[in-house]
Amino acid sequence: MKTLVTLTVNGEERSLAVEGYRSLLDTLREEAGLTGTKKGCDVGDCGACTVIVDGEPVNACLMLAVEAAGRDVRTVEGMQAGPDALHPLQEAFMEHGASQCGFCTPGILLMAQSLLERNPDPSDEEIRFGLSGNICRCTGYTKIFDAIRTAARRMAAPPADASGLEAAE
Amino acid sequence: MRRFEYHEPGTLAEASDLLTGLGEGTFLLAGGTDLLVEIRERLRRVHHLVNIKRITDLDAVTLDGEGLRFGALVTAGTLERHPEVARLYPNLWAGLRSLGSIQVRNRATVVGNICRASPSADTIPPLVADGAEIETWAPNGGRRIALADFFTGPGRSVLAPGEIATGIRVPPPATGSGRAYIKHGRRRAMELATVGVAVSLETADGRCTAARIALGAVGPTVLRAPGAEAILTGSRLEAGIVAAAAEQAMLECTPISNVRSSANYRRDMVGVLTRRAVTLALEAAA
């Protein structure tokens, strides 16, 4: 029996008809059409399906879609401010080559965003701890950590450059 | 995922009726981080899931003169981020922090980790060593059970059909007490304990007045080590006494060999970790 589940996805209210046994992960990908959230292990070990529910990162494979009723869900598709504006973390990942095959990237981006929301200036150890539930088999993590440090620095700095330029013009 | 019928009762009475009335293959869903994996990996045949998350009053955390109490829906992440839990119960905090990943801890409930009754569960040894009790609801009245008496085997507890665990109570840390939990695994993140040792001590005037040792992953349930506790109690916890207690704990555990470790290695680690955990607990008590 399908239930109509109403939830907020990336700021937009969505009503999705789901069976009680469907995971939030499958529902986001197949019913909501948001395939940015990846299905890696499907048992909560790899972190590729990480989404933010009511401000907390969770594995979308370990949550039933019906349990997301009335909740606020953020996926990697919601990170960008607009179609042409990447999030500072996304920019930094591109610059540092922190994404190779890309399968772990959406989960790691959201986990990094969640980390920086709580702790804008994390130590190396805190970055490692923050990403301990996300597996990357390509990069060896070094470039991912570099990218997060770069993004954290930029996000913490006041937007002095832009206003300075405007003043000069 | 294998299909099942999903139920969302609004009260404990409704949940209990569903659990007993729907018959074979009916399971209670709290966090779901173990149960949903078992369904997907076909380790458990599930026909009905009874989700208790809509039941009110199961998500409270209180910390006062009576100690710590948390309800069945409190996640490991919520307790981990509670600043007073980290300060007053560093042993439980260490267990919480090494359970799964941040994402898993934001879904997994501590009471679920307990009711799953795995001998290697990270939250059980510190709570057993601290003398915690589990509270239940049942149609004919609930009860409070010492956590040390709750488990009957791997995955098994004294919970009766239709009886639901509603929360955990942990006594307040006494003056002069100290506590520690040490987990040993092959890696630091996303790991099940190869061995876990929790020690809680009470001291007065440089003498140990009470000691509780809980050993994880070295028996069918988390085990107490009463002989080792007796060696510590009444002593001044000199190095020789601590070493004797650690030797005794090695004799009192009943480890098996499996994919994570041999029985002999586990037994050796019980000795090492008991000695270290007593030392840490003693430092915290000072």
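Residue numbering note: each chain is counted from 1, following its sequence as written. Here the convention is simple: chains get letters from A, ligands get numbers from 1, in the order in which they are written. Side-chain atom pairs in this predicted model are given and counted only at pLDDT of 80 or more, local residue features only at pLDDT of at least 70, and totals for whole chains, interfaces and linings cover all residues. As a rule here, side-chain values come from all non-hydrogen atoms in the structure, and water together with hydrogens is ignored.

- For chain B, the name recorded in an unreviewed UniProt entry is Carbon-monoxide dehydrogenase medium subunit, with Amaricoccus macauensis as its organism.

- The name an unreviewed UniProt entry assigns to chain A is Carbon-monoxide dehydrogenase small subunit, from the organism Amaricoccus macauensis.

**Some thoughts on the interface of chain A and chain B**
Here is step 1: Listed by partner, the interface residues are 28 residues for chain A and 31 residues for chain B.
Here is step 2: Accessible area that two parts lose when put together, evaluated with a 1.4 Å probe and summed over both, is termed the buried area. Counting the surface chain A buries against chain B, the share from its top three residues, Tyr21, Leu62 and Phe129 of chain A, is 29%.
Here is step 3: Any N or O atom pair separated by 3.5 Å or less is treated as a polar contact, with the protein-specific requirement of one donor-capable and one acceptor-capable atom, and with residues adjacent in sequence counted only for side-chain atom pairs. Connecting chain A to chain B are 10 residue pairs in polar contact (both at pLDDT 80 or more).
Here is step 4: Numbering of helices and strands runs from the N terminus; a helix is a DSSP stretch of H or I covering at least four residues, while a strand is a stretch of E covering at least two. Elements that contribute at least two residues to the side of chain A that touches chain B include exactly strand S4 (56-59), helix H3 (105-118) and helix H4 (124-130) of chain A. Here, residues are in contact when the closest pair of their heavy atoms is within 4.5 Å.

**Remarks on the sheet that holds strand S1 (residues 2-9) of chain A**
Residues and elements named next belong to chain A.
Here is step 1: The 5 strands lie next to each other as S2-S1-S5-S3-S4, forming an open sheet whose pairing is mixed. The sheet is open, and its two borders are formed by strand S2 (12-19) and S4, each paired with just one other strand. Averaged over all adjacent pairs, the angle separating strand axes in this sheet is 40 degrees, with direction ignored.
Here is step 2: One ladder, built from 2 bridges, connects S1 with strand S5 (residues 72-74); its direction is parallel. In the strand pairing of S5, Thr8 is matched with Asp72.
Here is step 3: Along the sheet face, helix H1 (residues 24-31) touches S1, S2, strand S3 (50-53) and S5 and points at about 110 degrees away from the line of S2.
Here is step 4: The strands touched by H3 within the sheet are S3, S4 and S5, with S3 carrying the most contacts at an inclination of about 40 degrees. Two strands make a pair as long as DSSP finds a minimum of two bridges between them. Axis definition: a line fit to C-alpha positions, over the contact stretch in the case of helices; interaxial angles, taken between N-to-C directions, run 0 to 180 degrees.

**Considerations on the packing of helix H2 (residues 88-96) of chain A against H3 of chain A**
Residues and elements named next belong to chain A.
Here is step 1: Packing of H2 against H3 leaves a shortest axis separation of 10 Å and a crossing angle of 125 degrees. When the axes of H2 and H3 are compared, the pair comes out oblique. For the pair H2 and H3, the sense of crossing is right-handed. Contact with H2, carried on its side by Leu89, Gln90 and Phe93, involves Thr105, Ile108, Leu109, Ala112, Gln113 and Leu116 of H3 and no other residues of that element. Oblique is the label for every angle not falling under 35 degrees (roughly parallel), over 145 degrees (roughly antiparallel), or within 65 to 115 degrees (roughly perpendicular). Handedness of each helix crossing follows the sense of rotation of the near helix against the far helix: counterclockwise by less than a right angle gives left-handed, clockwise gives right-handed.

**Regarding empty space enclosed by the protein**
All names here are of chain B.
Here is step 1: A cavity here means a set of 1 Å grid points, computed over protein atoms only, where a 1.4 Å probe fits but cannot escape. A pocket is an open set with protein on both sides within 12 Å along at least 5 of 7 lines, and lining residues have an atom within 4 Å of a point. Grid points are joined across faces, edges and corners, and a volume is the space filled by probe spheres set on the points. One pass over the structure, following the stated rule, counts 1 cavity of 30 Å³ or more.
Here is step 2: When its volume is computed, the largest cavity comes out at roughly 30 Å³.
Here is step 3: Looking at the largest cavity, the residues that line it are Arg179, Ser200, Leu201, Glu202, Ala210 and Arg212.
Here is step 4: Contributing elements (two or more residues each) for the lining of the largest cavity: strand S12 (195-204) and strand S13 (207-216).

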